[in-house]
Amino acid sequence: MPAFAYALPVRTIITDGLLVRATGRSESDVVCENGRVTSVVPRGTVQAGPGDTVVDAAGCYVVPGAVDAHVHMQLDTGTTVSSDTFESGTIAAAFGGTTTIVDFAEQRAGGNVLESFEKRAAEAADQCVVDWGLHQVLGGVTPQALLDARSLVAREGVSSIKLFMAYPGRLYSDDGQILRALQMCADSGMMAMVHAENGLAIDVLVEQAVAAGNITPDFHSRTRPPELEAEAVHRAAVLSRVAGNAPLYIVHLSSSDAMREVVEARSRGTNIFAETCPQYLHLSLEDHLGRGWPDGAAYICSTPLRSRHEHHQRDLWSGLRDDTLAVVSTDHCPFCLREQKLMNGESFDVVPNGIGGVEHRVDLIHQGVVAGELTLERWVEVCATAPARLFGLSAKGDIAPGMDADVVVYDPERVTTISAASHHMNLDHSAYEGFELRGAVRTVVSRGEVIVDGGEFTGRRGRGRYVRRDVSPQVR
Ligand code: URP
Ligand code: ZN
Ligand code: ZN
């Protein structure tokens, strides 16, 4: 008999931890073979054999590898490129316990959807160290663009598009284009992600602020008031209903005002979901935008940071608890301070928008557990299970037989401090500099392979696989 007939499966066994899933917690060990979870058994009941990799999780939580459904690696803005490559950004993601990212292919007005997808997929393919997928941005909604986008479901496993109600002249779609796109989504089951801000009104406020000489970083937030986010959420929800109840997902929701519109739309039966991001839960206009140049530029992102005095953060935590907000993503979009954020000058309207945070989402949301805002199960759900479910990542976001063996061992007691000097993102500053975190990733397993352990990266460039995604079972 040839020797290979007896080859043992490659097993990774995670022992002695507290398994936390969205549905509950138990003292269980997790057995993984050939990249999948094969069994979840009572603690201490699995016998490790020779050749098995044993991951000791004593004193730790064992949670599903997190899914970041909104990132922008090496995003070409036209004047610069976001500073994390797919390689550096996914290494940082891995250090933070994220084992799947979903980035964006971007079709611009006049451009071809299928070509934009192929180009973006080729950029990511040899670089990612964790698994990855792509949403399809439609920056020029035409009948052909909609046909092509729809064909991506079967062709490439892309089950979501993204539309912009902001950025007129760039990625903006008018209401007619959004309605047509939502009709396609209602028909196909694709998820329509929407950047909901009234871009035309914002541009007027920006023009007026600049004309009056009000160009300091805080005017980025002041010219994007919560009312203009709420109005756009309301309009998107109306269009989704008129389109036949298209699956609608509001990205980077930042304000109480916008959240109220989600609640109202749900009460009318709208097929609406929303994400928020750590920056809206932890950072604010007062804390950061009063700093002036150059540091204030670090906090310029859209939707913008809101005033701490208006209770947005309190309401967003509450929305996460009650599932008004289904997901926390990062909207990771890093730009270095002087070379990029300030490359076009010291005026808020010319600063590239975005904050880097792919490495710290799981930790920053864990602070909500520490503070009593969220249960452990809800932490797992918003960081892993819900994004996987909503975006059709059927083998991700949970630890159960048959799922991909993406597992994080999380030490709840370890205390660390965020600093640009020690983070792994290719970013020369951190919007969270000096934040003290309780809880830290100890070990990260991606499809059965240990890729981070005790502060060391043990994976390799290009090991991440493209993940085909189905239309979400939750939205049909
Ligand atoms: O400021 C942000 N969010 N930049 C990234 C692009 C977007 O609008 O999501
Ligand atoms: Zn956006
Ligand atoms: Zn974004």
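Look a little higher up for the structure.
Bear in mind that the values here come from a model prediction, so they are computed numbers and not experimental data.

1. Details of the site of ligand 1
Here is step 1: Close contacts around ligand 1 come from 13 residues, with Tyr167, His195, Ser302, Asp331 and Asn353 the closest.
Here is step 2: In this structure, an oxygen atom belonging to ligand 1 sits 3.1 Å away from a side-chain N or O atom of His195.
Here is step 3: One nitrogen or oxygen atom from the side chain of Asp331 is found 2.5 Å from a nitrogen atom belonging to ligand 1.
Here is step 4: Isolated, ligand 1 exposes 270 Å² of accessible area, and the fraction of that covered by the protein chains is 95%.
Here is step 5: Judged by its atoms lying within 2 Å of the grid points, ligand 1 is housed in the largest pocket.
Here is step 6: By residue class, the composition of the shell around ligand 1 is four nonpolar, seven polar and two charged.

2. Re empty space enclosed by the protein
Here is step 1: For the structure on display, the rule yields three cavities of 30 Å³ or more.
Here is step 2: Estimated volume of the largest cavity: approximately 70 Å³.
Here is step 3: What lines the largest cavity is simply Val63, Pro64, Ala66, Gly97, Val362, Trp379, Val380, Cys383, Ala384 and Val408.
Here is step 4: Contributions of two or more residues to the lining of the largest cavity are made by β7 (61-64) and α14 (376-390).
Here is step 5: Among the residues forming the lining of the largest cavity, the class breakdown is nine nonpolar, one polar and no charged.

3. Topic: the packing of aromatic side chains
Here is step 1: Summed over the entire model, instances satisfying the criterion amount to eight aromatic pairs.
Here is step 2: On the numbers, 6.3 Å between centres and 75 degrees between planes, the contact of Phe117 with Tyr466 is edge-to-face. Here the residue Phe117 occupies a position in helix α2 (residues 113-125), and Tyr466 occupies one in the segment after β19 (456-457), the gap between them amounting to 349 residues.
Here is step 3: A relative accessible area of 3% places Phe117 in the buried class.
Here is step 4: Arranged with centres 5.6 Å apart and planes meeting at 40 degrees, the rings of Phe164 and Tyr167 form a pair that is tilted.
Here is step 5: Since its relative accessible area comes to 5%, Phe164 is described here as buried.
Here is step 6: What links up through ring pairs into an aromatic cluster is the set Tyr61, Trp379 and Tyr410.
Here is step 7: Geometry around Phe104 places Lys162 over its ring, the cationic atom sitting 4.6 Å from the centre.

4. Considering the pattern of salt bridges
Note on pairing: side chains with opposite charge can pair once their charged atoms come close.
Here is step 1: Taken as a whole and assessed by the stated rule, the structure comprises 33 salt bridges.
Here is step 2: Of the charged contacts in the structure, one is a salt bridge between Asp315 and Arg314, with a shortest N-O distance of 3.2 Å.
Here is step 3: Residue classification places Asp315 among the buried residues on the basis of a relative accessible area of 17%.
Here is step 4: Since its relative accessible area comes to 51%, Arg314 is described here as exposed.
Here is step 5: Residues joined by salt bridges that share partners form a network here, namely Arg36, Asp131, Lys396, Asp404, Asp406 and Arg447.

5. Considering the nonpolar core
Here is step 1: With 109 residues, the main nonpolar core has Ile161, Ile250, Leu253, Ile365 and Trp379 as its most contacted residues.
Here is step 2: In this structure Ile161 touches Gln136, Leu138, Ala149, Ala181, Met184, Cys185, Met190, Met191, Ala192 and Met193, once residues within four positions along its chain are discounted.
Here is step 3: The next biggest cluster of nonpolar side chains, apart from the first, holds 18 residues, and it includes Phe164, Ala166, Phe391 and Val475.

6. Thoughts on the pairing of strand β12 (residues 191-195)
Residues in a regular strand project their side chains so that they alternate between the two faces of the sheet.
Here is step 1: In terms of burial, β12 is largely enclosed, as five of its five residues are buried.
Here is step 2: Judged by which residues are buried, β12 turns out to be covered on both faces: Met191, Met193 and His195 on one side and Ala192 and Val194 on the other are all buried.
Here is step 3: As paired strands, strand β11 (residues 160-164) and β12 are joined by five bridges and run parallel to one another. Bridge pairing links Lys162 to Met193 in β12.

7. Thoughts on the state of the cysteines
Here is step 1: Per the stated rule, a full pass over the model turns up zero disulfides.
Here is step 2: Of the cysteine sulfurs around Cys60, a residue in no disulfide, the closest is that of Cys32, at 16 Å.
Here is step 3: What makes Cys60 buried here is its relative accessible area of 3%.
Here is step 4: We note that Cys128 lacks a disulfide partner, and the nearest cysteine sulfur, in Cys333, lies 16 Å from it.
Here is step 5: Since its relative accessible area comes to 0%, Cys128 is described here as buried.

Scoring rules and cut-offs
Along each chain, residue indices are assigned from 1 in the same order as the chain's sequence is written. Labels are handed out in written order, letters beginning with A for the chains and numbers beginning with 1 for the ligands. In view of the model being predicted, local features appear only for residues whose pLDDT reaches at least 70, and side-chain atom pairs are presented and counted only at 80 or more, with totals across whole chains, interfaces and linings using the full set of residues. Each side-chain value is derived from all of the structure's non-hydrogen atoms; neither hydrogens nor water enter the calculation. Proximity criterion: a residue is near a molecule or strand once any of its heavy atoms comes within 4 Å of it. For the purposes of these results, a polar contact is taken to be a pair of N or O atoms within 3.5 Å, where, inside protein, one atom must be able to donate a hydrogen and its partner to accept one; residues adjacent in sequence count only when each atom of the pair is a side-chain atom. Method for areas: the Shrake-Rupley scheme with a 1.4 Å probe, in which residue coverage is limited to the protein chains shown. Cavity: a set of points on a 1 Å grid over the protein atoms alone where a 1.4 Å probe fits but cannot get out. Pocket: an open set with protein on both sides within 12 Å along at least five of seven lines, its lining residues, like those of a cavity, having an atom within 4 Å of a point. To be counted as sitting in a cavity or pocket, a molecule needs more than half of its atoms within 2 Å of that site's grid points. When residues are grouped by polarity, Ala, Val, Leu, Ile, Met, Phe, Trp, Tyr, Cys and Pro land in nonpolar, Asp, Glu, Lys and Arg in charged, and all others, Gly among them, in polar. Grid points are joined across faces, edges and corners, and a volume is the space filled by probe spheres set on the points. Put simply, DSSP H or I for four residues or longer makes a helix, DSSP E for two residues or longer makes a strand, and each gets a number counted from the N terminus. Each aromatic pair joins two rings of Phe, Tyr and Trp (for Trp, the six-membered one) with centres within 6.5 Å, and gets the label stacked for planes under 30 degrees apart, edge-to-face for over 60, and tilted for any other angle. The cut-offs for exposure are 20% and 50% of the maximum accessible area for each residue type, with area from a 1.4 Å probe on protein chains only; residues under the lower value are buried, those over the upper are exposed, and the others partly exposed. To sit over a ring, a charge needs its Lys NZ or Arg CZ within 6 Å of the ring centre and within 35 degrees of the ring normal. Salt bridges are defined as contacts in which a side-chain nitrogen from Lys or Arg sits within 4 Å of a carboxyl oxygen from Asp or Glu. Nine residue types can take part in a nonpolar core, namely buried Ala, Val, Leu, Ile, Met, Phe, Trp, Tyr and Cys, and a core is a set of them joined through side-chain atoms within 4.5 Å. Residues are treated as being in contact if the distance between any of their heavy atoms lies within 4.5 Å. Here, any two strands with at least 2 DSSP bridges between them count as paired. In what follows, a disulfide is any cysteine sulfur pair within 2.5 Å.

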